Amino acid sequence: MADRNQTSESPEKKAAGVYAASLVKSGDAVGLGTGSTVAYTIKELGRRIREDKLDIVGVVTSYQSEAIAIEAGVPLTTLAQTPKLTIAIDGADQFDENLCAIKGGGAAHTREKIVSMSAARFIVVSDPAKKVKHLSVSVPIEVMPFGKELVVTSLKELGGSPVLRAAAKKDGPVITDNGNFVVDCAFGEIKNPQELALKLSQIPGAVEHGIFMNVDEVIIGKADGTVEIIQK
Ligand code: 5RP
């Protein structure tokens, strides 16, 4: 999983993030994901708003993307005001050949799923290392604190190895932007992500899991600044 504290520039993430911003047109309502890759997109959208008079509104998926968008000068709205988005752009922790993705490394996947499912087109921006044959990173699951024990038991019954995500620079668990816990659950190689996604959706107290089946396109950035585009 990505180092969340990474502060150094990544030319691969930058290439993907900046390219994705070029797909946004005036009049678009844009879902703005969370993480270090899509941060490049948000900053580039800010530049296009200032320099190219790009006229858009954004809907953020976290306090982090909200802060970056405000700093970049991207006007923001809400799903209450703009329920249908033209496009959503976001990072991922891993994706397979069918463009099934695992997200939630930044614990923002519940809002990311709501925002991406509200968009007509969902684009993932990535570096090459996240492309795999079979998904294998732990699946983040946002959990209502009241339901933690049932969720953990249910995940073990599904053959997973759940671990409550610990906070950095705070004792105890991560608390999401929605006030919940996150459980990261390893399942080994996930051969049938659709089936697992359905099972995870049925656990009471599991607010949302990080398996995304709705990716339309992945943009993979390369170190030389070029991109590879994979479409569904
Ligand atoms: C946050 C996410 C991120 O999009 C994902 O973790 C990728 O992050 P990064 O672009 O920093 O590698 O799902 O919940």
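As a starting point, this report considers the structure included with it. Counting restarts for each chain, with residues numbered from 1 along the sequence as it is written. Per-residue local features are limited, in this predicted model, to residues with pLDDT of at least 70; the limit for side-chain atom pairs, both in listing and counting, is 80 or more; totals at the level of whole chains, interfaces and linings are taken over all residues. Values reported for side chains reflect all heavy atoms of the structure, with hydrogen atoms and water molecules removed beforehand.

### So, the overall build of the chain
Logical step 1: Of regular secondary structure, the chain possesses 6 helices and 13 strands.
Logical step 2: Against the compact-globule benchmark of 17 Å for 232 residues, the chain has a radius of gyration of 17 Å, which places it among compact chains.
Logical step 3: Overall size of the chain, expressed as C-alpha extent along the three principal axes, is 55 × 35 × 35 Å.
Logical step 4: Each residue is placed in one exposure class: buried if its accessible area under a 1.4 Å probe, protein chains only, is under 20% of its type's maximum, exposed if it is over 50%, and partly exposed if it falls in between. With 232 residues in all, the chain has 51% of them scored as buried.
Logical step 5: When contacts within the chain are restricted to residue pairs at least 6 apart in sequence, those whose partners lie at least 24 apart make up 74%.
Logical step 6: With the model as given, the accessible surface of the chain reaches about 10900 Å², and the carbon-plus-sulfur share is 53%.
Logical step 7: Charge counting treats Lys and Arg as positive and Asp and Glu as negative, with His and both chain ends excluded. All charge positions are set by atom: Lys at NZ, Arg at CZ, Asp at CG, Glu at CD. Put simply, the chain has 26 plus and 29 minus side-chain charges, and the middle of one group is 0 Å from the middle of the other. The numbering of helices and of strands both runs from the N terminus, where a helix is a DSSP run of H or I of at least 4 residues and a strand a run of E of at least 2. In this treatment the radius of gyration is a C-alpha quantity, and the globule benchmark scales as 2.2 Å times the residue count to the 0.38 power. The criterion used for residue contact is that any of the two residues' heavy atoms lie within 4.5 Å. Working definition of accessibility: Shrake-Rupley area with a 1.4 Å probe, residue cover restricted to the visible protein chains.

### So, the side chain of Thr 41
Logical step 1: Along the chain, Thr 41 turns up in helix α2 (residues 36–51).
Logical step 2: Those residues within four positions of Thr 41 in sequence are excluded, and the remaining contacts are Gly 17, Ala 20, Ala 21, Ile 89 and Val 125.

### Here's the deal with the sheet that holds strand β2 (residues 57–60)
Logical step 1: Each pair of strands is called paired provided DSSP finds at least two bridges between the two strands. One open sheet holds the 6 strands; their spatial order is β2-β1-β3-β6-β12-β13, and the pairing between them is mixed. Each end of this open sheet is capped by a strand with a single partner; those strands are β2 and β13 (227–231). When the angles between neighbouring strand axes are averaged without regard to direction, this sheet yields 20°.
Logical step 2: Bridging between strand β12 (residues 217–221) and β13 involves 5 bridges; their strand directions are antiparallel. Note that in β13 the partner of Ile 219 across the bridge is Ile 229.
Logical step 3: Axis definition: a line fitted to C-alpha atoms, limited for helices to the stretch in contact. Angles are taken between N-to-C directions and run from 0 to 180 degrees. The sheet strands contacting helix α1 (residues 11–21) are β3 (85–90), β6 (119–126), β12 and β13, and the helix crosses β12 at an angle near 135°.
Logical step 4: Where α2 meets the sheet, it contacts β1 (29–32), β3 and β6, and its direction lies at approximately 115° from that of β6.

### Side note on α2
Logical step 1: Expected span, for any helix, means 1.5 Å times one less than how many residues it has. Counted at 1.5 Å a residue, the expected span for α2 with its 16 residues is 22 Å, and the 23 Å between its end C-alpha atoms agrees.
Logical step 2: Those residues of α2 that are buried lie in contact with α1, β1, α3 (63–72), β3 and β6.
Logical step 3: Directly beyond the C-terminal end of α2, a positive phi value near 60° is found at Lys 53.

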